Amino acid sequence: MTTPDVHIDFQAGQRWTYRTRPGEDTSTVLILRRDDEPTGTVLHVALDGLRLGNPHLPGGVQMELGHAPVTADAVRASVLELIQVNAPLPTDEGGYRQWREAADRGEAGVFTLTLAEILDVIGQAVAPAPADGLFGKTNRR
């Protein structure tokens, strides 16, 4: 098991187990890319084996997250065991390129949450709003 103060040399192509959300025990994280920025190391990761509710998809469940920029500290706090090195990387780098262009303009952020917390936040963001409004009130008459 790892802790945030343990040094791990994250590299592209590493696949790790991590502290998952309930029901996603077989989910893994793949390091897609490592960017050493002036503010710290940013790891670009993909997650598979998810059960992320997404009403915008057929069936309402998202099984993978293709790209997320995350601080190395947040990934370090999440991972448990290195299970593969030199894993094949996806050829589509659209998510990374979009992030990189925005980051170069100073318009992109990086997650500082653990991987499970990131998935919770994304799940809350894509969940449909309650029928009676966000705060249980409506201006409709």
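Report on the accompanying structure. Because the structure is a prediction, the values reported are computed rather than measured.

## Topic: the overall build of the protein
Part 1 of the reasoning: Scanning the protein for helices and strands turns up 3 helices and 7 strands.
Part 2 of the reasoning: The buried share of the protein, reckoned over its 141 residues, is 35%.
Part 3 of the reasoning: Across the protein, contacts joining residues at least 24 apart in sequence account for 61% of those joining residues at least 6 apart.
Part 4 of the reasoning: Entry remark: accessible area of the protein is about 8,700 Å², with carbon and sulfur atoms responsible for 53%.

## Details of the nonpolar core
Part 1 of the reasoning: Counting 22 residues, the largest nonpolar core has Phe10, Val29, Val45, Leu47, Val70, Val75 and Leu115 as its most contacted members.
Part 2 of the reasoning: Elements that contribute at least two residues to this core include exactly β1 (15-18), β2 (28-37), β3 (40-48), β6 (65-71), α1 (72-78) and α3 (115-126).
Part 3 of the reasoning: With residues up to four places along the chain from it excluded, the contact list for valine 45 reads Val29, Leu30, Ile31, Leu32, Leu65, Gly66, His67, Ala68, Val70, Val75 and Leu115.

## Considerations on the packing of aromatic side chains
Part 1 of the reasoning: A complete count under the given rule lists 2 aromatic pairs for this structure.
Part 2 of the reasoning: Measuring from ring centre to ring centre gives 6.2 Å for tyrosine 96 and tryptophan 99, while their planes differ by 35°; the resulting arrangement is tilted. Of the two residues, tyrosine 96 and tryptophan 99 both sit in helix α2 (residues 94-104), 3 residues apart, roughly one turn of that helix. Tryptophan 99 matches tyrosine 96 in its accessibility class, with the two residues each being buried.
Part 3 of the reasoning: Here the basic side chain of arginine 33 rests over the ring of tyrosine 96, its NZ or CZ set 4.0 Å away from the ring centre.

## A few points about the sheet that holds β2
Part 1 of the reasoning: Spatially, 5 strands are ordered β6-β3-β2-β1-β7 in an open sheet, and the strand pairing comes out antiparallel. The open sheet is flanked by β6 and β7 (79-84), the only strands paired with a single partner. Sheet twist, expressed as the mean angle between neighbouring strand axes with direction ignored, is 35°.
Part 2 of the reasoning: Against the sheet, α2 makes contact with β2, β3 and β6, and its axis sits at roughly 30° relative to β2, the strand it touches most.
Part 3 of the reasoning: Each of β1, β2, β3 and β6 touches α3; the most contacted strand, β6, lies at about 120° to it.

## Quick notes on the pairing of β2
Part 1 of the reasoning: Note: β1 against β2, 3 bridges, orientation antiparallel. By the bridge assignment for β2, arginine 15 is matched with leucine 30.
Part 2 of the reasoning: Bridge count for β2 against β3 is 9 bridges, and the pairing is antiparallel. Its bridge partner being in β3, glutamate 37 is matched across the sheet by glycine 40.

## With respect to unusual backbone geometry
Part 1 of the reasoning: Of note in this structure, asparagine 86 is not a glycine but carries a positive phi near 55°.
Part 2 of the reasoning: Within the secondary structure, asparagine 86 sits in the loop between β7 and α2.

## Some thoughts on the pairing of β3
Part 1 of the reasoning: Between β2 and β3, which pair antiparallel and follow one another directly, the connecting turn spans 2 residues.
Part 2 of the reasoning: The pairing of β3 with β6 spans 5 bridges and is antiparallel. In the strand pairing of β6, histidine 44 is matched with proline 69.

The rules behind the values
Residues numbered from 1 in each chain as written. Predicted model: local features only at pLDDT ≥ 70, side-chain atom pairs only at ≥ 80, totals over all residues. Heavy atoms only, no water. Helix = DSSP H or I, 4+ residues; strand = E, 2+ residues; numbered from the N terminus. Buried < 20%, exposed > 50% of the residue type's maximum accessible area, 1.4 Å probe, protein only. Contact = heavy atoms within 4.5 Å. Areas by Shrake-Rupley, 256 points an atom, 1.4 Å probe, with all protein chains shown as cover. Core = buried A, V, L, I, M, F, W, Y, C linked by side-chain atoms within 4.5 Å. Phe/Tyr/Trp six-rings, centres within 6.5 Å; stacked < 30°, edge-to-face > 60°. Lys NZ or Arg CZ within 6 Å of the ring centre and 35° of its normal. Pairing = 2+ DSSP bridges. Axes fitted to C-alpha atoms, helices over the stretch in contact; angles between N-to-C directions.

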